[in-house]
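# Observations on chain architecture
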Amino acid sequence: RSGSSIKVNFDIQGPLSPNELKELNTQLSNANVDEILRWAHDQFPNKLVQLTSFGPTGMVVLHKLYQLGILSDVPVVTIDTL
């Protein structure tokens, strides 16, 4: 596994203010889904969770986590949306 290839100049130590969230969003805006998932995995070790109802977007994220080799590190929580 290689580390995140994107560089975010942001130290996340707790809840972020709306302005901090806006800045973080700006810094991540040009990253692709693989880069963002890898960054989140590296930024939040043992804290990242995938919540899914197994809809199309949830399945894509699960597949991407698998492709990146980090699915086993990310607990999957399922919800019933019916």
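Below is a short write-up of the structure.

Thresholds applied
- Residues numbered from 1 in each chain as written.
- Predicted model: local features only at pLDDT ≥ 70, side-chain atom pairs only at ≥ 80, totals over all residues.
- Heavy atoms only, no water.
- Helix = DSSP H or I, 4+ residues; strand = E, 2+ residues; numbered from the N terminus.
- Buried < 20%, exposed > 50% of the residue type's maximum accessible area, 1.4 Å probe, protein only.
- Contact = heavy atoms within 4.5 Å.
- Areas by Shrake-Rupley, 256 points an atom, 1.4 Å probe, with all protein chains shown as cover.
- Lys, Arg positive; Asp, Glu negative; His and termini not counted.
- Charge placed at Lys NZ, Arg CZ, Asp CG, Glu CD.
- Core = buried A, V, L, I, M, F, W, Y, C linked by side-chain atoms within 4.5 Å.
- Salt bridge = Lys/Arg side-chain N within 4 Å of Asp/Glu carboxyl O.
- Axes fitted to C-alpha atoms, helices over the stretch in contact; angles between N-to-C directions.
- Parallel < 35°, antiparallel > 145°, perpendicular 65-115°, else oblique.
- Nonpolar A, V, L, I, M, F, W, Y, C, P; charged D, E, K, R; others polar.

### Quick look at the overall build of the chain
Scanning the chain from N- to C-terminus turns up 3 helices and 2 strands. For the chain, the sequential pattern of α-helices and β-strands runs α-α-β-α-β. Expressed along its principal axes, the backbone C-alpha trace of the chain runs to roughly 35 × 30 × 25 Å. Scored against the burial criterion, the 82 residues of the chain give a buried share of 27%. In the chain, the share of contacts with a sequence separation of at least 24, taken over all contacts with a separation of at least 6, comes to 64%. When the accessible area of the chain is evaluated, it comes to approximately 5,900 Å², of which 55% is carbon and sulfur surface. Computed over 6 positive and 8 negative side-chain charges, the separation of the two mean positions in the chain equals 4 Å.

### Some points on the nonpolar core
Of all hydrophobic cores here, the largest spans 12 residues; its members are Val8, Ile12, Leu24, Leu28, Leu37, Trp39, Ala40, Leu48, Leu65, Leu68, Ile70 and Val74. At the level of secondary structure, the elements contributing two or more residues to this core comprise helix 1 (18–28) and helix 2 (33–43). Once you skip the residues sitting within four places of it in the chain, valine 8 turns out to touch Leu24, Gln27, Leu28 and Trp39.

### Points about the pattern of salt bridges
This structure, assessed with the given rule, holds 1 salt bridge. Note that lysine 64 is salt-bridged to aspartate 34, the shortest N-O span being 3.4 Å. A residue pair is termed long-range when its members are at least 10 positions apart, and lysine 64 in helix 3 (residues 56–67) and aspartate 34 in helix 2 qualify at 30 residues. Since its relative accessible area comes to 27%, aspartate 34 is described here as partly exposed.

### Examining the packing of helix 2 against helix 3
Direction vectors running N to C along helix 2 and helix 3 enclose 70 degrees, while the axes themselves pass 10 Å from each other. Classified by the angle between their axes, helix 2 and helix 3 sit roughly perpendicular to one another. Contacts between helix 2 and helix 3 pair Val33, Asp34 and Leu37 from the former with Val61, Lys64 and Leu65 from the latter. For the contact of helix 2 with helix 3, the per-class residue count stands at 4 nonpolar, no polar and 2 charged.

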